[in-house]
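# A look at the structure
As a plain string of letters, each chain reads:
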Amino acid sequence: MVNFKRIKSVVLSGMVAAASVAGSFTAVAPSLSANAATDDYAKLLQYSLYLYDANMCGSDVDEKSGITWRGDCHTDDEVQGGFHDAGDHAMFGLPQGYTASSLGWSYYEFKDAYEATGQAEHLKMITDHFCDFFKRSTKLSGSSVSNFLYQKGDGDEDHKYWGPPEKQAGGRKMFWTSGGASDIAADYAAALALNYINFGNDEDLKYAEALYNFSTQHNAVATDGPNNFYKSSGCQDEQANAAGWLYIATNNEKYKNDCASKQTQYLGWVDGWDNRGLGAACVYAHITGDWGKVNSYIGGQASGSNYLFMDKWGSARLNTTMQFCALAATKNSNADFKNWAKGQMDYVTGSNPANTCFVIGFASNSAKNPHHRAASGYQSYGEFNGEAHPQAISPNGHSLVGALVGGPTDAGGSYRDDMNDYVCNEVAIDYNAGFVGAAAGLYHFYQSGDTVSSIEGVDKIYSGGSTPPSGTKPPSQNVTTAPPSSTPPTQTTVTPSDGDITLLPDDMKVGTEKGTDGEMNNYAEFSPQGAKSVTFYYSVSSNDMQSSGAFGTWNGEWAQEDFEVNVKNGKVEVSYDIPANVGSTVKAMVFWPHGDAVTIDKVVLHKGGSSAGTTSKTTSKTTSKTTSKTTSKTTSSTTTPAGGDIILLPDDMKVGTEKGTDGEMNNYAEFAPQGAKKATLYYSVSSNDMQSSGAFGTWNGEWTQEDFEVNVKNGKVEVSYDIPSDVGSTVKAMVFWPHGDAVTIEKVVLSGASSAGTTSKTTSKTTSKTTSKTTSKTTSKTTSKTTSKTTTPTPSNPSSSTTTVTLYGDANNDGRVSLADATAIYQSLGNPDKYALSAVGRANADVIGNGDGVTPDDALTLQKVYVGLISASSLPIK
């Protein structure tokens with residue numbers, strides 16, 4: 001371990017962070033070839049976990065570790081346990097907490113990979129060892145934290161020793177606090193919450209909540225101890241991440257709100273020990289079902305065939321962590337980064353200019369000389385120096401199985417396998433954290449390779465996985481592998497006489513997903529909308545006379561009811577009694593027949609009660625936590641039948657605050673229009689302002705916005721919006737003035753018929769998703785709307801040669817060239833369905849000017865314009 005600081009993103013005034021800009025400028029490494037060292041992802045996952053056995057600390061290493069050359073160490077520490085940080089033996093809180101929570105997240109995300117390869121027991125041993133240490137580091141008084149150990153061992157003192165940890169002198173310094181280290185406490189809370197979600201230890205949840213409360217109570221980072229090694233730049237991102245996992249663990253709305261309010265506005269760096277922004281965005285996407293923000297950022301990084309080089313310190317670590325996040329997004333959304341991740345892992349495992357596998361012990365060309373005291377074989381600095389700073393480990397050294405070394409130190413792939421090179425050959429617990437997740441994710445998607453039964457220096461082998469008995473399916477196949485849609489569907493067909501609601505495919509999230517048997521299963525997801533039962537209708541085009549599937553819902557755990565039915569004249573009808581504790585969505589799944597042989601016709605929700613059924617059913621519950629609940633609700637809590645109005649209270653919508661371009665926090669409420677023609681927003685103003693402004697917006701292939709200015713009467717505001725006929729799946733109501741705490745959103749009322757409005761409005765369109773106050777306003781009491789709208793989204797990346805350019809670089813059509821245009825390009829490439837550029841925007845965005853359409857290189861060029869390396873007047877660049 002050396003004194004260095006890994007960069008935390010610094011938000012630029014536009015949409016992309018400086019760290020992202022700097023990383024993108026160097027992302028020009030040689031293209032990845034197809035000659036990877038291996039795609040044996042089972043073995044890769046198996047090996048990746050043994051770094052933690054090698055770095056384990058405490059009085060139970062002999063019992064737990066599978067590494068033959070490791071034993072009990074530091075047994076006189078005031079608090080036992082934890083893991084040595086890197087090649088040294090100190091324990092710094094930020095990488096401890098980040099690593100433990102990342103490992104827990106990887107199990108939550110890809111449990112099927114761990115179980116299929118026989119690695120679940122090994123992972124649990126590691127995360128339990130982390131969490132036991134975190135609990136021993138936390139002194140409780142009732143349910144409150146009275147004292148907290150955030151670091152073991154002084155880094156400078158620790159670095160004066162070279163040798164095995166078993167022989168290091170005792171008396172290490174313990175760093176305690178009764179009112180700080182909020183960043184570390186939050187990371188520990190996230191790890192404990194995930195361990196509770198994954199394995200159900202109630203004590204883990206108790207400590208997680210106590211540590212989170214401690215963190216948010218003090219909001220101060222630790223400086224005494226970690227500053228020369230892991231200097232923290234804040235605690236809000238760690239708190240957002242912890243709050244998200246605590247919400248999934250408890251369903252407590254407080255945590256959901258905290259996760260939302262503490263989000264990093266503009267993502268600019270991969271998940272890591274000092275920047276949890278991307279990790280927090282991923283857990284929030286699990287909660288809401290909306291992965292757009294995550295996919296937009298990752299899409300700007302995970303493009304092309306070059307090695308993603310972000311920084312010389314641990315470039316392989318940053319790369320594999322981005323792979324992990326990208327694979328999680330692929331599993332849970334309509335993005336597809338798996339082939340990109342596979343190509344990146346090919347590079348890491350040997351298909352690179354150095355012809356070196358950066359995973360120790362994994363391949364014949366693996367790196368062999370990590371900067372690691374215990375593995376080096378040298379017993380002291382005297383012995384070490386006597387070898388004139390050798391490049392290689394001692395003949396008495398050991399293979400640090402599964403450790404990911406730092407990797408290339410520049411975009412060209414420069415690397416040397418030298419123990420003294422603590423940049424190329426640094427190893428650390430946080431280096432392997434994202435790498436483990438990437439290995440699990442790649443196995444989840446490709447299911448390739450086999451574990452091994454013999455590993456050098458290892459006497460405890462975790463290998464193999466159980467195969468389900470014939471005729472059964474493992475829970476990971478029958479449990480949904482994609483989250484519910486962030487916006488429940490609009491109901492288009494209603495039968496008033498009996499209260500039934502008919503949902504056609506366009507009204508639901510309908511698709512296919514690969515099961516663990518490799519076959520494509522059909523599914524439909526929908527909101528139960530207060531119904532008591534549901535009937536699922538689908539057609540079968542094969543000659544099968546029977547069909548099987550299941551209904552499932554997430555209500556704190558995955559509850560599933562399987563069915564087997566007869567196929568009659570190519571049709572299937574199967575009913576399901578919706579449980580009283582149903583979650584926010586129900587998922588209907590067809591396991592047999594597969595894929596194209598099944599066509600989902602409709603779902604009918606029955607408000608009045610269950611219908612008689614003859615379906616053979618089996619109810620099962622699994623503790624797999626891979627399915628998340630949506631929090632963007634559209635079920636109306638209060639309905640006035642006479643007028644048909646639907647009243648949405650804050651709990652029925654996605655309500656929160658977000659930072660506008662002026663730096664102020666704007667309030668918003670997002671909701672599904674549910675077929676209504678008008679929405680009326682009601683909110684309170686606690687300031688002395690007599691006027692308020694805001695807007696309504698919707699995405700229907702482009703962002704269409706209608707601004708408003710209204711008078712505040714007795715601290716109350718009521719403003720109406722005529723919902724356009726081409727409305728998207730959600731409407732967003734925004735309040736620009738007053739800001740933040742001065743505004744309380746009370747409700748939204750959806751009405752069946754539009755009415756004349758008295759609000760001053762201006763309709764504008766923009767492809768930027770950042771909320772900002774408009775400067776063009778009208779005092780007229782009549783509604784002013786633009787009439788030109790794009791109703792059919794166009795592909796994001798055709799050649800723009802046939803469209804007139806208005807201003808090169810102006811991708812979002814706002815009349816200027818800024819960093820927001822680079823982000824608009826990245827968003828359109830990462831999620832073209834949601835963030836499609838207009839035809840003119842695409843033409844403007846093609847600033848390379850070679851007629852190849854819009855690419856990440858165009859966004860990179862605009863980033864260079866922003867920082868002054870290129871003049872906007874020089875665009876396009878030929």
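Keep in mind that this is a model prediction, so the values were computed, not measured.

## Quick look at the overall build of the protein chain
Secondary structure summary: the protein chain contains 23 helices and 27 strands in total. Taking all 878 residues of the protein chain together, the buried fraction comes to 60%. Expressed as a percentage of contacts within the protein chain between residues at least 6 apart in sequence, the contacts between residues at least 24 apart total 76%. In the form shown here, the protein chain has an accessible surface area of approximately 31600 Å², with 47% of it arising from carbon and sulfur atoms.

## Concerning unusual backbone geometry
Cis geometry is adopted by the peptide bond preceding P593, which originates at W592 and carries an omega value of -5°. As for its placement among the helices and strands, P593 is situated in the loop between β13 (586-592) and β14 (598-606). Between W737 and the following residue, P738, the backbone shows a cis peptide bond with an omega angle of -5°. Looking at the secondary structure, you find P738 in the loop between β24 (731-737) and β25 (743-751). One non-glycine residue, N355, lies in positive phi territory at about 50°. Considering the arrangement of structural elements, one finds N355 in the loop between α16 (338-348) and α17 (373-376).

## Topic: the side chain of S232
Inspection of the secondary structure puts S232 in the loop between α10 (202-218) and α11 (236-250). Looking at S232, its side chain comes within polar contact range of the side chain of D183, at 2.7 Å. What S232 contacts, discounting residues up to four positions off in sequence, is L94, D183, V221 and D274.

## Re the packing of helix α15 (residues 315-332) against helix α19 (residues 429-446)
Two measures define how a pair of helices packs: the angle their axes make with one another and the distance between the axes. Following both chains from N to C, one finds α15 and α19 inclined at 40°, their axes separated by 7 Å at the closest point. Relative to α19, the element α15 lies oblique. α15 and α19 meet at a crossing whose hand is left-handed. Mapping the contact onto sequence places R317, T320, T321, Q323, F324, L327, T330 and K331 in α15 and D430, Y431, G434, F435, G437, A438, G441, L442, H444 and F445 in α19. Here the residues of the contact of α15 with α19 are counted per class, giving seven nonpolar, eight polar and three charged.

## Focus: the packing of helix α9 (residues 182-199) against α11
Between α9 and α11, the least distance of the axes is 8 Å, while the angle of their chain directions is 25°. Relative to α11, α9 is oriented roughly parallel. Here α9 and α11 pass one another in a crossing that is left-handed. Contacts between α9 and α11 involve S182, D183, A186, D187, A189, A190, A193, L194, Y196 and I197 from the first element and E238, Q239, N241, A242, W245, L246, I248 and A249 from the second.

## Section: the state of the cysteines
Overall, the coordinates contain zero disulfides when judged by the stated rule. No disulfide involves C73; its sulfur sits 3.8 Å from the nearest other cysteine sulfur, which is in C57. Residue C73 is classed as buried on the basis of its relative accessible area of 2%. Of all cysteine sulfurs, the one in C325 lies closest to C282, which takes part in no disulfide; the gap is 4.9 Å. The buried category is assigned to C282, whose relative accessible area is 0%.

## Side note on the confidence of the model for the protein chain
Looking at the protein chain as a whole, its pLDDT mean stands at 81, while 79% of the residues score no less than 70. Long-range and interchain partners of residues 1-36, a stretch whose pLDDT sits below 50, account for 114 contacts in this model, where long-range means more than four residues apart. Across residues 465-498, where pLDDT falls below 50, the model places 93 contacts with residues more than four positions away in sequence or in other chains.

## Topic: the pattern of salt bridges
Tallying each qualifying case throughout the model produces 25 salt bridges. Put simply, D128 and K124 hold a salt bridge, and the shortest N to O gap is 2.7 Å. Here K124 and D128 lie together in helix α7 (residues 120-136), a separation of four residues that amounts to about one turn. Among the residues examined, K124 registers a relative accessible area of 33% and is labelled partly exposed. Several salt bridges share partner residues, and in doing so they unite D132, K135, E203 and D204 into one network.

## So, the environment of N425
The topology assignment puts N425 in the loop between α18 (381-386) and α19. Residue N425 is classed as buried on the basis of its relative accessible area of 0%. The sequence separation of N425 and H372 amounts to 53 residues, and the corresponding C-alpha distance is 8.8 Å. When near neighbours in sequence (up to four residues on either side) are disregarded, N425 contacts N369, P370, H371, V405, G406, Y415, R416, D417, D418 and M419. At a separation of 2.5 Å, a polar atom in the side chain of N425 contacts the side chain of Y415.

## A few points about the packing of aromatic side chains
By the definition in use, this model includes 31 aromatic pairs. Judged by centre distance (6.4 Å) and plane angle (65°), the rings of Y52 and F130 are edge-to-face. Residue Y52 is located in helix α3 (residues 50-54), and its partner F130 is located in helix α7; the two are separated by 78 residues in the primary sequence. Here F130 falls in the buried class, since its relative accessible area comes to 0%. The interplanar angle of 65° and the centroid separation of 5.0 Å between the aromatic rings of F358 and Y415 together place this pair among those described as edge-to-face. One end of the pair, F358, is in the loop between α16 and α17; the other, Y415, is in the loop between α18 and α19, with 57 residues separating them in the sequence.

## Structural notes on α19
Spanning 18 residues, α19 covers 26 Å between terminal C-alpha atoms, matching the ideal 26 Å at 1.5 Å per step. Counting buried positions along α19 gives 17 out of 18 residues, so the element sits mostly inside the fold. Trailing α19 by a residue or two, Q447 shows a phi angle of about 50°, which is positive.

## Some thoughts on helix α12 (residues 253-261)
Along α12, the positions that sit buried rather than exposed are Y255, K256, D258, C259 and A260. Where α12 is buried, its residues contact α10, α11 and α13 (277-288). At the N-terminal end of α12, a side-chain oxygen is found 2.9 Å from the backbone nitrogen of K254, two or three residues along, and the residue is N252.

## Comments concerning the environment of G740
Tracing the chain through its elements places G740 in the loop between β24 and β25. When the C-alpha positions of G740 and Y668 are compared, they lie 9.9 Å apart, and in sequence the two are 72 residues distant.

## Overview of the side chain of D158
If you trace the backbone, D158 turns up in helix α8 (residues 155-158). It turns out D158 is buried and unbridged, and the closest side chain with the opposite charge, R172, is 4.4 Å from it. Setting aside residues no more than four positions away along its own chain, D158 makes contact with D88, H89, A90, Q168 and R172.

## Re the environment of T804
Turning to its location among the elements, T804 is positioned in the loop between β27 (783-784) and α21 (819-830). Exposure remark for T804: the relative accessible area of 62% places this residue in the exposed category. Through-space distance from the C-alpha of T804 to that of A839 is 8.9 Å; in sequence the pair is 35 residues apart. Those residues in contact with T804 that sit more than four places away from it in its chain are V840 and A843.

Thresholds, definitions, all that
Residues numbered from 1 in each chain as written. Predicted model: local features only at pLDDT ≥ 70, side-chain atom pairs only at ≥ 80, totals over all residues. Heavy atoms only, no water. Helix = DSSP H or I, 4+ residues; strand = E, 2+ residues; numbered from the N terminus. Buried < 20%, exposed > 50% of the residue type's maximum accessible area, 1.4 Å probe, protein only. Contact = heavy atoms within 4.5 Å. Areas by Shrake-Rupley, 256 points an atom, 1.4 Å probe, with all protein chains shown as cover. Polar contact = N/O pair within 3.5 Å; in protein donor to acceptor, adjacent residues only side chain to side chain. Axes fitted to C-alpha atoms, helices over the stretch in contact; angles between N-to-C directions. Parallel < 35°, antiparallel > 145°, perpendicular 65-115°, else oblique. Left-handed = near helix turned anticlockwise from the far one by under 90°. Nonpolar A, V, L, I, M, F, W, Y, C, P; charged D, E, K, R; others polar. Disulfide = S-S within 2.5 Å. pLDDT = per-residue confidence, 0-100. Salt bridge = Lys/Arg side-chain N within 4 Å of Asp/Glu carboxyl O. Phe/Tyr/Trp six-rings, centres within 6.5 Å; stacked < 30°, edge-to-face > 60°. Expected span 1.5 Å × (residues − 1). Lys, Arg positive; Asp, Glu negative; His and termini not counted.

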